[in-house]
Amino acid sequence: MPSKPDAIAKGDRLFLVDGSAYIFRAYHALPPLTRKSDGLPIGAVSGFSNMLFKLLADSRDDDFTDLPMPTHFAVIFDHSAYSFRNDLYADYKANRPEPPEDLRPQFPLVREATRAFSVACVEMEGFEADDLIATYARRAEEAGAETVIISSDKDLMQLVSDRIVMYDPMKQKRIDADGVREKFGVGPDKVVDVQALAGDSVDNVPGVPGIGVKTAAQLIEDYGDVETLLERAEEIKQKKRRENLIEFADDARISKQLVTLKDDVETEENLGDFRLKEVEPTGLLDFIDAMEFNTLRRRAVSAFGEGESAAIGPAAAANGPVEAGAYETVYDPVRLREIVDICTARGVVAFDTETNSLRPVSAKLVGLCLAWGAGEACYVPLGHGGDGLALDDKNAGRQMAEDDALAIVKPLLEDPSVLKIAQNAKFDMGLFLRRDIRVAPVDDTMLISYALDCGVHGHGMDELSELHLGHKPIAFSEIAGTGKKQKTFDEIPIDEASKYAAEDADVTLRLHQVLKPRLSAEGMRTVYETLERPMAAVIAGMEMAGVKVDASVLRRLSGEFAQKMGGYEAAAYEAAGREFNMGSPKQISEILFSDLGLPGGKKTAKGAWSTKADILEQLAAEGHALPRAILDWRGLSKLKSTYTDALVEDICQETGRVHTSYSLAATTTGRLSSNDPNLQNIPIRTEDGRRIRDAFIAEEGNVLISADYSQIELRILAHVAEIEPMRQAFADDLDIHAMTASEMFDTPIEGMDPMVRRQAKAINFGIIYGISAFGLANNLGIPRGEAQDYIHAYFEKFPGIRKYMDETKAYAREHGHVSTIFGRKTHTPKIKASNQAERGYAERQAINAPIQGAAADIIRRAMIRMPDALEAKKLSAKMLLQVHDELIFEAPEDEAEETCAVVSDVMSGAAGPAVEISVPLKVEAGVGANWGEAH
């Protein structure tokens, strides 16, 4: 025991934080992060510091739990992997892997962070953090004080009592005796008995084979404790259970010793040392500055000031706690006008919409949210009640009519002097566009984050809120449920909906305050303003326009595909010698590698034979009929299920068109992705795939125009890697693949064998994506050694490419990112990973991102300029789709030729004047009644 009595008494409350659990939760919750000045790993330190900041702030809030605020506070850590339990059982925790290499240097920094917050930091050699927590909690209990253990660790549940509770900070859930009983089926006093029987594979606690937690709980309820159960094991009726209890009795006894926490450790610290102190801002800010935590610094200064001590309280200026109870639900048009006036006067407002669908073209507007300051937000309910059905909601009848509310907010949303802020703004902009409201100017927090931290983490609001604000927003599932019983937003009672919805606007405004200043500080303002911000309006317009699809063409194709699939099935059955399920990888693998004994089979981690496409392609290339039939059947099956069948269901009843949704911040290169439905993956390499494009048609009197960049990524490669032969070939408008083949194989271009050109084409495009000899061999159907010779020859002929690759990887390792010629950054956090697969992927990403990213930047620049260019020529064409390097337009037939000229001009000049590219950008445009004809 300590040398002096514990200075804690009845009425005090002790917070004990499981610091080791906090570290690992912080490490795994966030992507890798390094200090910019020297590359020191600091991701876990950052996450830990933000979690501790939030916990300290929340713990001073009366609403944190139903207990009084803490008087004492300590963070408890494991000293090392060794404890006295290893002496009891040598294999204790033997299965646990070593900490990741980039986490080890962060352990001492986390201790330093704890002390920087003026909080007691405790660890002790030979004991686990759980033992110290048990010791301090028992001492506090004996003194009449209450303890809150900040952890969700099941091993600590044995400590719960009338004066000791647990609190899970991630779920914001209080765990008392009832919570323990829900977890283990017994009260806290019997937890160790249940654990002794059930064991723990994570900690390598043996337990008794065949007995899980549920069975153990029942046995302990029947017999009282482990020792009594073991003494009376002969009474157990189930034979196997009885035999195991007898055979493994010693394991059960040692397991109970391992799981029982030691609550009488002779510690150096006294509970009086844990009294909660005021934070000393200077020391905290010195640590934060040393770690280069810019966002946390702003929050800390806001909460504590910069030079004098201040106790953490519930309010912390602009970045204080997000409190859903502070929001306002607005039913009165007069009050809504007052709020609009406030927003107009301030010149900034965050806004959000709530709908019953994720498709803005058909969604019903259920409500809208506005935020004009941190903690100042409102929700305006408009359409609660589900499809016209009355909810059991006393406020349902008080809602404003949609037209009345929109008439009030329209001037605000269109006011050029008021900055509108949204998260994923293109959804809301599309929704308002359908209601003749053109929202501008708009800042999008998702796109700001994407410009700043592409490749570091995701850019969804919830993730950004936890990362930058230390706040976990209300999850949609909390108010709507999950699965088949999930409610749509119009079915949610207004009181619940208001807290969820207004919080979104409040959080978005706060994120803007944190993220927007970084654009200038980090040199990313131009990227955001020229490549990201304008895209929201452009994409919103494209999504609203949609594209007409002829359902009859799709149905006809579906029937033809079904017939052809039947032919492939017959061929497969004949080759196999029996019928089987063409969609069953298990049956296919048995026939190929067991029945027929074909070579080259590979087993998966679960021991089954793999039937992946590359393996079947290799077998088909060797002349085996069955793999070829299976591949052909699979290809048609995917076309049929994904497109010819599914696209019919995707036709919007209101418009008769298909409206895809584009994600602006989903890739690490700036490329857009398409979903619901995905129109970017329609295959064009096969005749059947190309035929699907015939179903995309123009309205009567119109045509479709397809404008496609020709070999844009190779052109960018020639520019950035300064490959003179390629530059010259593009300048002379030569066939680049034939030129490459001529250079590599010393073959004249005139009269070249098409197979030789095909090989050069595969290498040209494969090099950009870091293709291996194995991959190239599969693509060309040649031995791997021959493929490796091709790659060597390629680098010898074009040494600039190897130089570019080596220099780009070196830059990424030094700086942690790569950039396009337009300044877009892609971060490469895994470039120094110890895992070879992760490191190799990061290196390929580093090589590819500047090339593919620049191509994405160029087409974005073209898309942004296109509406104004068409309007300037008084052309009524609409941009409908973007598919990688291709743009699809719909235009009146009599404007087709002029529209093609404008589109080609804008696209070919999209790089300038920002960048002078040393090769011309070639655009190929076509016109047709459908997409297939136009392409």
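Residues numbered from 1 in each chain as written. Predicted model: local features only at pLDDT ≥ 70, side-chain atom pairs only at ≥ 80, totals over all residues. Heavy atoms only, no water.

### Let's talk about the overall build of the protein chain
Consideration 1: Secondary structure assignment for the protein chain yields 38 helices and 23 strands.
Consideration 2: Across its three principal directions, the C-alpha atoms of the protein chain cover 95 × 80 × 60 Å.
Consideration 3: Burial analysis of the protein chain (935 residues in total) assigns 53% to the buried set.
Consideration 4: Considering only contacts in the protein chain between residues 6 or more positions apart, those separated by 24 or more positions represent 68%.
Consideration 5: By element, 49% of the accessible surface of the protein chain is carried by carbon and sulfur atoms, the whole surface being about 40,900 Å². (Helix = DSSP H or I, 4+ residues; strand = E, 2+ residues; numbered from the N terminus. Buried < 20%, exposed > 50% of the residue type's maximum accessible area, 1.4 Å probe, protein only. Contact = heavy atoms within 4.5 Å. Areas by Shrake-Rupley, 256 points an atom, 1.4 Å probe, with all protein chains shown as cover.)

### Some words on the packing of helix α30 (residues 724-731) against helix α31 (residues 736-745)
Consideration 1: In the contact formed by α30 and α31, the axes pass within 10 Å of each other and the chain directions differ by 145°. With respect to the hand of their crossing, α30 and α31 are arranged in right-handed fashion. Taking contact as the criterion, the partners of Pro725, Met726, Ala729 and Phe730 in α30 are, on α31, Ile736, Met739 and Thr740.
Consideration 2: Looking at the contact of α30 with α31 residue by residue, the class counts come to six nonpolar, one polar and no charged. (Axes fitted to C-alpha atoms, helices over the stretch in contact; angles between N-to-C directions. Left-handed = near helix turned anticlockwise from the far one by under 90°. Nonpolar A, V, L, I, M, F, W, Y, C, P; charged D, E, K, R; others polar.)

### With respect to the environment of Glu843
Consideration 1: Along the chain, Glu843 falls in helix α36 (residues 836-872).
Consideration 2: For Glu843, the contacting residues outside a window of four places in its chain are Lys809, Arg813 and Ile831.

### Description of helix α34 (residues 784-797)
Consideration 1: Taking 1.5 Å per residue, 14 residues should reach 20 Å; α34 reaches 20 Å between its end C-alpha atoms and fits that length.
Consideration 2: Among the residues of α34, those classed as buried are Ala787, Tyr790, Ile791, Tyr794 and Phe795. The buried residues of α34 all sit within an arc of 130° when viewed along its axis, so they share a single face. (Expected span 1.5 Å × (residues − 1). Arc of directions from axis to C-beta.)

### Describing the sheet that holds strand β12 (residues 442-444)
Consideration 1: Across the sheet, which stays open at both edges, the six strands sit in the order β7-β10-β9-β8-β11-β12 with mixed pairing between neighbours. Two strands in the sheet have a free side with no partner beyond their single neighbour: β7 (328-329) and β12.
Consideration 2: In terms of strand pairing, β7 meets strand β10 (residues 376-381) through two bridges, oriented parallel. Looking at the pairing, Thr329 lines up with Tyr379 of β10.
Consideration 3: Across the face of the sheet, helix α14 (residues 333-346) comes into contact with β7, β8 (348-355), β9 (365-373) and β10 while running at roughly 45° to β9. (Pairing = 2+ DSSP bridges.)

### A look at the side chain of Arg518
Consideration 1: Examined against the element boundaries, Arg518 turns out to sit in helix α20 (residues 494-521).
Consideration 2: Reaching out from Arg518, the side chain makes a polar contact with the side chain of Asp453 at a distance of 3.0 Å. (Polar contact = N/O pair within 3.5 Å; in protein donor to acceptor, adjacent residues only side chain to side chain.)

### Let's talk about the sheet that holds strand β6 (residues 173-175)
Consideration 1: The sheet built from six strands is open, its strands ordered β3-β2-β1-β4-β5-β6 with mixed pairing. Here the strands that pair on one side only, and so sit at the sheet edges, are β3 (120-122) and β6. Mean inter-strand twist for the sheet, computed between neighbouring axes without regard to direction, equals 25°.
Consideration 2: With four bridges connecting them, strand β4 (residues 146-150) and strand β5 (residues 164-168) associate as parallel partners. Across the sheet, the residue bridging to Ile150 is Tyr167, located in β5.
Consideration 3: Relative to strand β1 (residues 13-18), helix α1 (residues 19-29) is tilted by about 45°, and along the sheet it contacts β1, β2 (72-76), β4 and β5.

### Here's the deal with the pairing of β4
Consideration 1: Counting buried positions along β4 gives four out of five residues, so the element sits mostly inside the fold.
Consideration 2: Relative to β4, β1 runs parallel, the two being bridged by five bridges. The partner of Arg13 across the bridge, within β4, is Glu146.

### A short note on the nonpolar core
Consideration 1: If you look at the biggest cluster of nonpolar residues, it comprises 157 residues, and the most contacted ones within it are Tyr709, Ile801, Ile858 and Met863.
Consideration 2: Excluding its chain neighbours within four sequence positions, the residues that come into contact with Tyr709 are Ile858, Ile859, Ala862, Asp885, Met907, Ser908, Ala910, Leu921, Lys922 and Val923.
Consideration 3: Grouped together as the second largest cluster of nonpolar side chains are 50 residues, Leu16, Ala137, Val160 and Ile236 included. (Core = buried A, V, L, I, M, F, W, Y, C linked by side-chain atoms within 4.5 Å.)

### Looking at the pattern of salt bridges
Pairing of side chains with opposite charge becomes possible as their charged atoms draw close.
Consideration 1: The tally for this structure, following the rule as stated, stands at 53 salt bridges.
Consideration 2: Among the salt bridges present, the one from Glu699 reaches Lys548, with a minimum N-O distance of 3.1 Å. Here Glu699 is found in the loop between β17 (696-697) and β18 (702-709), whereas its partner Lys548 is found in strand β13 (residues 547-549), with 151 residues between them in sequence.
Consideration 3: For Lys564, the salt bridge goes to Asp688, with nearest N and O atoms at 3.0 Å. Taken together, the residues Lys564 in helix α23 (residues 551-576) and Asp688 in helix α28 (residues 687-692) connect sequence positions 124 residues apart.
Consideration 4: Overall, Lys564 belongs to the partly exposed group, its relative accessible area being 35%.
Consideration 5: Ionic contacts of the salt-bridge type, sharing partners, join the residues Asp443, Lys516, Arg525, Glu529 and Arg533 into one network. (Salt bridge = Lys/Arg side-chain N within 4 Å of Asp/Glu carboxyl O.)

### Some words on the confidence of the model for the protein chain
Consideration 1: Overall, the prediction assigns the protein chain a mean pLDDT of 86, with 94% of residues at 70 or greater.
Consideration 2: When the elements of the protein chain are averaged for pLDDT, helix α33 (residues 773-780) gives the smallest value, 73, and strand β22 (residues 886-892) the largest, 97.
Consideration 3: pLDDT under 50 marks residues 308-318. Its contacts with residues more than four places away, or in other chains, come to 30 contacts. (pLDDT = per-residue confidence, 0-100.)

### Considering unusual backbone geometry
Consideration 1: Omega for the bond connecting Ala440 with Pro441 falls within 30 degrees of zero, at -10°, which places this linkage in the cis form.
Consideration 2: Counting through the fold element by element, Pro441 comes out in the loop between α16 (425-433) and β12.
Consideration 3: Residue Pro677 follows Asp676 across a cis peptide bond; omega there is 0°.
Consideration 4: Within the element layout of this structure, Pro677 appears in the loop between β16 (673-675) and α28.
Consideration 5: You will see that Ser118, though not glycine, has its phi angle at about 60°, which is positive.
Consideration 6: Looking at the secondary structure, you find Ser118 in the loop between α4 (107-116) and β3.
Consideration 7: Of the residues examined, Ser118 reaches a relative accessible area of 17% and is grouped as buried.

### Section: the pairing of β22
Consideration 1: By the criterion of burial, β22 is predominantly enclosed, with seven of the seven residues buried.
Consideration 2: In terms of strand pairing, β18 meets β22 through seven bridges, oriented antiparallel. Bridge pairing links Val703 to Ala891 in β22.
Consideration 3: Bridge count between strand β21 (residues 878-883) and β22: five bridges; the pairing is antiparallel. Residue pairing across strands places Val883 opposite Glu886, the latter belonging to β22.
Consideration 4: Hairpin connection from β21 to β22: two residues lie between these consecutive antiparallel strands, with His884 at a positive phi of about 60°.

### Topic: helix α7 (residues 191-198)
Consideration 1: Extensive coverage of α7 is indicated by the burial of seven of its eight residues.
Consideration 2: When α7 is considered as a whole, its buried residues turn out to be Val191, Val192, Asp193, Val194, Gln195, Ala196 and Leu197.
Consideration 3: Summarising the contacts, the buried residues of α7 are in contact with α6 (177-184), α8 (213-223), α9 (226-231), α10 (239-247) and α11 (249-259).

### A look at the packing of helix α25 (residues 613-621) against helix α26 (residues 625-644)
Consideration 1: Look at α25 against α26: their axes get within 8 Å of each other, and the N-to-C directions meet at 135°. By the angle class used here, α25 and α26 are oblique. Both α25 and α26 take part in a crossing whose hand is left-handed. Contacts between α25 and α26 involve Ala613, Leu616, Glu617, Leu619 and Ala620 on the former and, on the latter, Pro627, Arg628, Ile630, Leu631 and Arg634. (Parallel < 35°, antiparallel > 145°, perpendicular 65-115°, else oblique.)

### Topic: the environment of Ala738
Consideration 1: Turning to its location among the elements, Ala738 is positioned in helix α31.
Consideration 2: A relative accessible area of 5% places Ala738 in the buried class.
Consideration 3: Sequence separation of Ala738 and Ile437 is 301 residues, and the distance between their C-alpha atoms is 52 Å.
Consideration 4: Leaving out residues up to four positions away in the same chain, Ala738 has contacts with Ile749, Met752 and Arg757.

### Overview of the packing of aromatic side chains
Consideration 1: Using the criterion set out here, one finds 15 aromatic pairs in the structure.
Consideration 2: Ring geometry for Tyr573 and Phe580: centres 5.6 Å apart, planes at 80°, overall edge-to-face.
Consideration 3: Phe580 sits in the buried class, given a relative accessible area of 6%.
Consideration 4: Put simply, the rings of Tyr379, Phe476, Phe489 and Tyr500 touch in pairs and so form one group of aromatic residues.
Consideration 5: The residue whose ring lies beneath Arg398 is Tyr331, and the NZ or CZ to ring-centre distance is 3.9 Å.
Consideration 6: Here Arg802 stacks its cationic end above the ring of Phe795, 4.0 Å away from the centre of that ring. (Phe/Tyr/Trp six-rings, centres within 6.5 Å; stacked < 30°, edge-to-face > 60°. Lys NZ or Arg CZ within 6 Å of the ring centre and 35° of its normal.)

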